[in-house]
Amino acid sequence: MKENNNSQQEDQRLVLRIRDGDLSAFRHLVHKYKSISFTLACSILKDGDTAEDVLQDAFMKVFDNIHKFRADSSFATWIYRIVVNTCLNAREKDKRHLYEDLSVAESLPAGNATSFDAMQQKERERYIAATLNMMKADEALLLRLFYLCELSVKEIQEVTDFSESNIKVILHRARKNMLGLLTKITGNQLNDLL
Amino acid sequence: MKDEQLAKLISESMLHTSADFTEKLMARAELKRANRKRFRLVCFTAFVLCGLLLLVITKAPSDLNLLKRTIHLPLTLMKVVGALFVFTIWNKLIRINAELKRT
């Protein structure tokens, strides 16, 4: 979801309308960013219900602080930063993340020799989402920020406060880990996944 | 492995919120906006009332002629009570504002 110029201009218009008190503009904004924000939240929190609750708080922070957004920066980056920070704070309060949750892998059907390509779309999505859910929060988050949100390394720095070198190292590690995990849980060879 | 291939895999990891997510959020936003409006109205009313009260206290004569009787007004006591009243209202408004920010 590369944010192009049209999208940025649309965001600027929506921000101005929200500042004027137009709630329908806020609804439009939520609709535009909720799926990807929810995906990022799940990368950190690993639980859908918790991620939804925290995401509600994050969007309320966006609503309260919309007057602080500077028009010269990317709105998508700004909103992702709020979502990531809110999730990280929530994660700090709830120490359950310290314990490894293996239930995700156990809930999936055992991998067989069926090619990944031959799987139904929904089944592929489940395996991929489960794989990312099993990965470390920073690895899953950076993979999604880089490939799903299509942010540059510099933009990822703004969202996460990680250094450039740290981001590159984590991304490199995350790519390897993701493929390794996906291979393991689907029972497929590496080539079959691509 | 090529970046495009990995990007394609990860794009399939997009998750979706529950169906009522937006409605719940909009209900919260509307409530917050309504509370903010009410709070501004309360603030304005309180400001006007406190201003009038202070005006009355500072300009009130020490002796008031009412119905052919002279009433002696304890100005110092009135000023103290008036100031306490204004600070209580002010404190209440600060607490309400803090509560609004938390929701």
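Here, the structure is the one placed above.
Only a predicted model underlies this, so the values are computations on that prediction, with no experimental measurement involved.

Cut-off values and rules
Residues numbered from 1 in each chain as written. Chains lettered and ligands numbered in written order. Predicted model: local features only at pLDDT ≥ 70, side-chain atom pairs only at ≥ 80, totals over all residues. Heavy atoms only, no water. Helix = DSSP H or I, 4+ residues; strand = E, 2+ residues; numbered from the N terminus. Rg over C-alpha atoms; globule rule 2.2 N^0.38 Å. Buried < 20%, exposed > 50% of the residue type's maximum accessible area, 1.4 Å probe, protein only. Contact = heavy atoms within 4.5 Å. Areas by Shrake-Rupley, 256 points an atom, 1.4 Å probe, with all protein chains shown as cover. Lys, Arg positive; Asp, Glu negative; His and termini not counted. Charge placed at Lys NZ, Arg CZ, Asp CG, Glu CD. Expected span 1.5 Å × (residues − 1). Buried area = accessible area lost by both parts, 1.4 Å probe. Salt bridge = Lys/Arg side-chain N within 4 Å of Asp/Glu carboxyl O. Phe/Tyr/Trp six-rings, centres within 6.5 Å; stacked < 30°, edge-to-face > 60°. Axes fitted to C-alpha atoms, helices over the stretch in contact; angles between N-to-C directions. Parallel < 35°, antiparallel > 145°, perpendicular 65-115°, else oblique. Left-handed = near helix turned anticlockwise from the far one by under 90°.

Participant: Explain the overall build of chain B to me, and be specific about the residues and the numbers.
Facilitator: Looking only at helices and strands, chain B has three helices and two strands in total. Secondary structure elements in chain B, listed N-terminal to C-terminal, are α-α-β-β-α. In terms of overall dimensions, chain B is more spread out than a globule: its C-alpha atoms have a radius of gyration of 28 Å, far above the 13 Å expected for 103 residues. In terms of its C-alpha atoms, chain B occupies a principal-axis envelope of roughly 100 × 25 × 15 Å. With 103 residues in all, chain B has 21% of them scored as buried. Long-range pairs, those at least 24 residues apart, make up 53% of the contacts in chain B between residues at least 6 apart in sequence. Carbon and sulfur atoms make up 67% of the accessible area of chain B, which amounts to about 7,800 Å² in all. Charge-centre separation for chain B: the mean point of 18 positive side chains lies 19 Å from the mean point of 8 negative side chains.

Participant: Any details on helix 7 (residues 137-148) of chain A? Residues and values, ideally.
Facilitator: Relative to the 16 Å expected for 12 residues at 1.5 Å per residue, helix 7 of chain A spans 15 Å between its end C-alpha atoms, a close match to the ideal helical length. For helix 7 of chain A, the tally of buried residues reaches 10 of 12 residues, placing the bulk of the element in the interior. Those residues of helix 7 of chain A that fall on the buried side of the exposure criterion are A137, E139, A140, L141, L142, L143, R144, L145, Y147 and L148 of chain A. Lining the buried residues of helix 7 of chain A we find helix 2 (23-45), helix 4 (75-93), helix 6 (121-134), helix 8 (153-160) and helix 9 (164-186) of chain A together with helix 1 (3-11) of chain B. The positive-phi residue at the C-terminal boundary of helix 7 of chain A is E150 of chain A, with phi of around 55 degrees.

Participant: How would you explain the interface of chain A and chain B if you had to name every residue and give the values?
Facilitator: Many analyses report the size of an interface as the accessible area lost when the parts associate. Listed per partner, the contact involves 37 residues of chain A and 29 residues of chain B. Carbon and sulfur atoms supply 65% of the area buried between chain A and chain B, which totals about 3,300 Å² over both sides. Considering only the surface of chain A that becomes buried against chain B, R27, Q56 and Y147 of chain A emerge as the three largest contributors, covering 19% of it. If you look at where chain A meets chain B, you find five salt bridges.

Participant: So what's going on with the environment of L143 of chain A? Which residues, and what values?
Facilitator: Mapping L143 of chain A onto the fold places it in helix 7. Using a relative accessible area of 0% as the deciding quantity, one classes L143 of chain A as buried. For the pair L143 of chain A and N65 of chain A, spaced 78 residues apart in sequence, the C-alpha to C-alpha distance is 28 Å. Here L143 of chain A is in contact with L132, M135, L148, L171, A174, R175 and M178 of chain A together with L6 and I10 of chain B, once residues within four sequence places are set aside.

Participant: Before we move on, can you summarise the packing of aromatic side chains with the specific residues and values?
Facilitator: A complete count under the given rule lists nine aromatic pairs over all chains for this structure. On the basis of an interplanar angle of 15 degrees and a centroid distance of 6.0 Å, the ring pair of F87 of chain B and W90 of chain B is categorised as stacked. Here F87 of chain B pairs with W90 of chain B, and both are found in helix 3 (residues 75-102), just three residues apart, close to one helical turn. Per residue, the accessibility class of F87 of chain B equals that of W90 of chain B, and both read exposed. One aromatic cluster is present, built from ring pairs that chain together Y33, F69, F75, W78 and Y80 of chain A.

Participant: Explain unusual backbone geometry to me, and be specific about the residues and the numbers.
Facilitator: Residue and element names in this part refer to chain A. Even without being glycine, K46 reaches a positive phi, approximately 65 degrees. Inspection of the secondary structure puts K46 in the loop between helix 2 and helix 3 (48-64). Note on K46: relative accessible area 26%, which makes it partly exposed. Despite not being glycine, E150 has its phi angle at roughly 55 degrees, a positive value. Residue position: E150 is located in the loop between helix 7 and helix 8.

Participant: Tell me about the packing of helix 6 of chain A against helix 9 of chain A, and please be specific about residues and values.
Facilitator: Residue and element names in this part refer to chain A. Two numbers describe how helix 6 lies on helix 9: the axes approach to 9 Å, and their chain directions differ by 125 degrees. It follows from the interaxial angle that helix 6 and helix 9 lie oblique. With respect to the hand of their crossing, helix 6 and helix 9 are arranged in right-handed fashion. Where helix 6 approaches helix 9, its residues Y127, I128, T131, L132 and M134 are matched on the opposing element by M178, L181, L182, I185 and T186.

Participant: Before we move on, can you summarise the pattern of salt bridges with the specific residues and values?
Facilitator: All names here are of chain A. In the structure shown here, the tally under the stated rule is 13 salt bridges over all chains. Here E10 and K32 are joined by a salt bridge, their closest N and O atoms 3.5 Å apart. Pair noted here: E10 is in helix 1 (residues 5-19) and K32 is in helix 2, with a separation of 22 residues, a long-range link. The partner of E164 in a salt bridge is K168, with the nearest N and O atoms 3.0 Å apart. Of the two residues, E164 and K168 are both situated in helix 9; the distance of four residues between them amounts to about one turn of the helix.

Purely spatial values, then, with no claim about function.
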